[in-house]
Amino acid sequence: MSTLPSLSTWALNIAPSPTLAVDAKAKSLIAAGEDVCGFAAGEPDFDTPAHIKDAAIKALRDGKTKYAPTPGIPPLRDAIAQKYTEFYQIPTQAAQVVVSPGGKFSCYLTILATCSAGDEVIIPAPFWVSYPEMVKLAGATPVQILATDATGFKLTPAMLEAAITPRSKLLILNSPSNPTGAVYTLAELEALTTVAVKHNLYIMSDEIYEHLLYDGVKHVSPASFSAEARERTIIVSGFAKTFAMTGWRLGTIVAPATIAKAVGELQSQMTSNATTFAQWGALAAYTEKEKTQAALDEMLVAFDRRRKFLHTALNKIPGVSCVLSQGAFYLFPNIASFGIDDLKFCERLLAEHKVAAVHGSAFGAQGFMRISYATSDAILAKGVERLAKFCASL
Ligand SMILES: *Cc1c(COP(=O)(O)O)cnc(C)c1O
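Position numbers for residues start from 1 in each chain and track the written sequence from start to end. Totals for whole chains, interfaces and linings use every residue, but because this is a predicted model, local features are given only for residues with pLDDT of at least 70 and side-chain atom pairs only at 80 or more, for both listing and counting. Hydrogens and water are ignored here; the side-chain numbers use all heavy atoms of the structure.

Right, let's talk about the site of the ligand for a bit. The near set for a molecule or strand comprises every residue that places at least one heavy atom within 4 Å of it. Near the ligand you find 13 residues, and of these G103, D206, Y209, K241 and R249 are the closest. A distance of 2.8 Å separates an oxygen atom of the ligand from a polar atom in the backbone of K104. Counted as a polar contact is a pair of N or O atoms within 3.5 Å, where, for protein atoms, one must be capable of donating a hydrogen and the other of accepting one, and residues adjacent in sequence contribute only when both atoms are in side chains. Y209 is positioned such that a nitrogen or oxygen atom in its side chain is 2.7 Å from an oxygen atom of the ligand. The Shrake-Rupley method, run with a 1.4 Å probe, gives the accessible areas here. Residue values count only the displayed protein chains as cover. Relative to its unbound accessible surface of 390 Å², the ligand loses 94% to contact with the protein. In this classification, the charged set is Asp, Glu, Lys and Arg, the nonpolar set is Ala, Val, Leu, Ile, Met, Phe, Trp, Tyr, Cys and Pro, and all remaining amino acids, among them Gly, are polar. Across the shell around the ligand, the residue classes tally to five nonpolar, four polar and four charged.

In structure tokens, the structure reads:
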């Protein structure tokens, strides 16, 4: 047998997604009949609203089964441009919108369009697991800055200033955050944006959880602050989290026209368009606004109830402390007081008590764990009880 050439440095060096891995393990245990409480999933436990499914089914029946324009079907790009212009007061033309096969791919395209070898990308930690790996795949260098629960998991302007070098090219922001649920206030975000403008950085603002907000908090985008902010901000979002459409693989990018054009050209060589009939389905989220809002409201009521329950229950466990964050569907409790490595903690929690959650160090924050409350109230209650038992045993 001959010795084959080695695989690429990209293939050899990539760290596979730990969140998908833990969730897959939990799902396979459940499939094998184990009574596992799954807190690892990064997806809503609801189904896609019926009017969106119906529109996709109709599109299939109507023969919308061919290639679409690379940056997306025109009515969907128009609807997205209109949303940003009217809802967020960010003037947006359809030419600034690209529809991609998922928010994840939108992030990757954005990084590829803005960063080259030698460039540094500032990533506030705790971060979404894919950012550093995507930056490395683009040949650029991830620079992590850790913001713990001491600052509500939020970066301060001074922390950002301290991380900037002449090679800094892109700042990644993600509010509401995965994994912490933290939401920047308008003033906090404006202060960070000012630093990014001053140092001439691009900003990738991952706003995929823009609609999953509680306590009356409003979403803001860095692009809304000024023309200088807008010309450097690439907004990434998508349908997966807001409309329970994770499996549809549809994301969006809204960027200044030159960047949107570059993103579209990259996409033209990498995937062509996002699935055509899926885009026609997604369009119904905008054209049938009342149904969409009703479906979203129902999810928000359930998420908010679970968020409050989980926050109270976690803080009752001796040794655990948890910030009540105001977005997404995650809480990120501090478990450092137990004095064991967080990966070990989560491995033992799954093996001994059948609760699946992701260790904080997967997100660049040792001593924490991520709990997704995108699961039923009953599983949440059972899982927290098991967690309390485990903590008491340590
Ligand atoms: C889920 C998620 C995405 C992308 O999701 P897709 O399913 O690819 O649309 C992007 N960023 C963050 C922070 C996420 O949690």
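By salt bridge we mean one thing: a side-chain nitrogen of Lys or Arg within 4 Å of a carboxyl oxygen of Asp or Glu. One pass over the structure, following the stated rule, counts 24 salt bridges. The closest approach of N and O atoms between E133 and K136, which form a salt bridge, is 3.2 Å. Of this pair, E133 and K136 both sit in helix α6 (residues 130–137), three residues apart, which is roughly one turn of that helix. Throughout this description, buried means an accessible area under 20% of the type-specific maximum (1.4 Å probe, protein chains only), exposed means over 50%, and partly exposed covers the range between. Here K136 falls in the partly exposed class, since its relative accessible area comes to 39%. Across the pair E188 and K154 runs a salt bridge whose closest N-O atoms are separated by 2.9 Å. A residue pair is termed long-range when its members are at least 10 positions apart, and E188 in helix α8 (residues 186–198) and K154 in the loop between β4 (141–146) and α7 (157–163) qualify at 34 residues. Using a relative accessible area of 30% as the deciding quantity, one classes E188 as partly exposed. Through salt bridges with shared partners, one network takes in D45, R305, R306 and D377. In DSSP terms, a helix is any run of H or I states spanning at least four residues, a strand is any run of E spanning at least two, and both are numbered starting from the N terminus.

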